[in-house]
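Fold and contact review
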Amino acid sequence: MDYRAFFKTKLRTLRASTGETQAQVACAIGVSTRYYQNLELGENLPGLEHFFALADHFGVSLNELAGRTDQ
């Protein structure tokens, strides 16, 4: 699996489902807007702390966020 492609798509989908802006999500997880934009562009992958923060913010499991579900 191309993890970067999956992850950026997952983030966009989750953010769209909450109706938030990139800046709102960035603020909620404690990163700059530019850092979050780079996550959605697939240019960066989050460190463990931010990965946990994203899962908590969107109310999904770490496995779901990582694409490691049985679905």
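Up top is the structure.
Right, let's walk through the structure included here.

With that settled, consider the pattern of salt bridges. Applying the stated criterion across every chain, the model contains three salt bridges. For the salt bridge of Lys-10 with Glu-64, the shortest nitrogen-to-oxygen distance reads 3.2 Å. Taken together, the residues span a long stretch of sequence, with Lys-10 in helix α1 (residues 3-18) and Glu-64 in helix α5 (residues 62-66) at a distance of 54 residues. Given a relative accessible area of 18%, Lys-10 falls into the buried group.

This part covers helix α3 (residues 33-41). Within the span of α3, buried status applies to Tyr-36, Asn-38, Leu-39 and Glu-40. Next to the buried residues of α3 lie α1, α2 (22-29) and α4 (48-58). A positive backbone phi angle near 80° is found at Gly-42, which sits one or two residues after α3.

Here the focus is the environment of Ala-66. Summarising the element assignment, Ala-66 is placed in helix α5. Distance from Ala-66 to Phe-7, taken between C-alpha atoms, is 7.0 Å for residues 59 residues apart in sequence. Beyond its immediate stretch of four places on either side in the chain, Ala-66 contacts Met-1, Tyr-3, Phe-6 and Phe-51.

Conventions used here
- Residues numbered from 1 in each chain as written.
- Predicted model: local features only at pLDDT ≥ 70, side-chain atom pairs only at ≥ 80, totals over all residues.
- Heavy atoms only, no water.
- Salt bridge = Lys/Arg side-chain N within 4 Å of Asp/Glu carboxyl O.
- Helix = DSSP H or I, 4+ residues; strand = E, 2+ residues; numbered from the N terminus.
- Buried < 20%, exposed > 50% of the residue type's maximum accessible area, 1.4 Å probe, protein only.
- Contact = heavy atoms within 4.5 Å.

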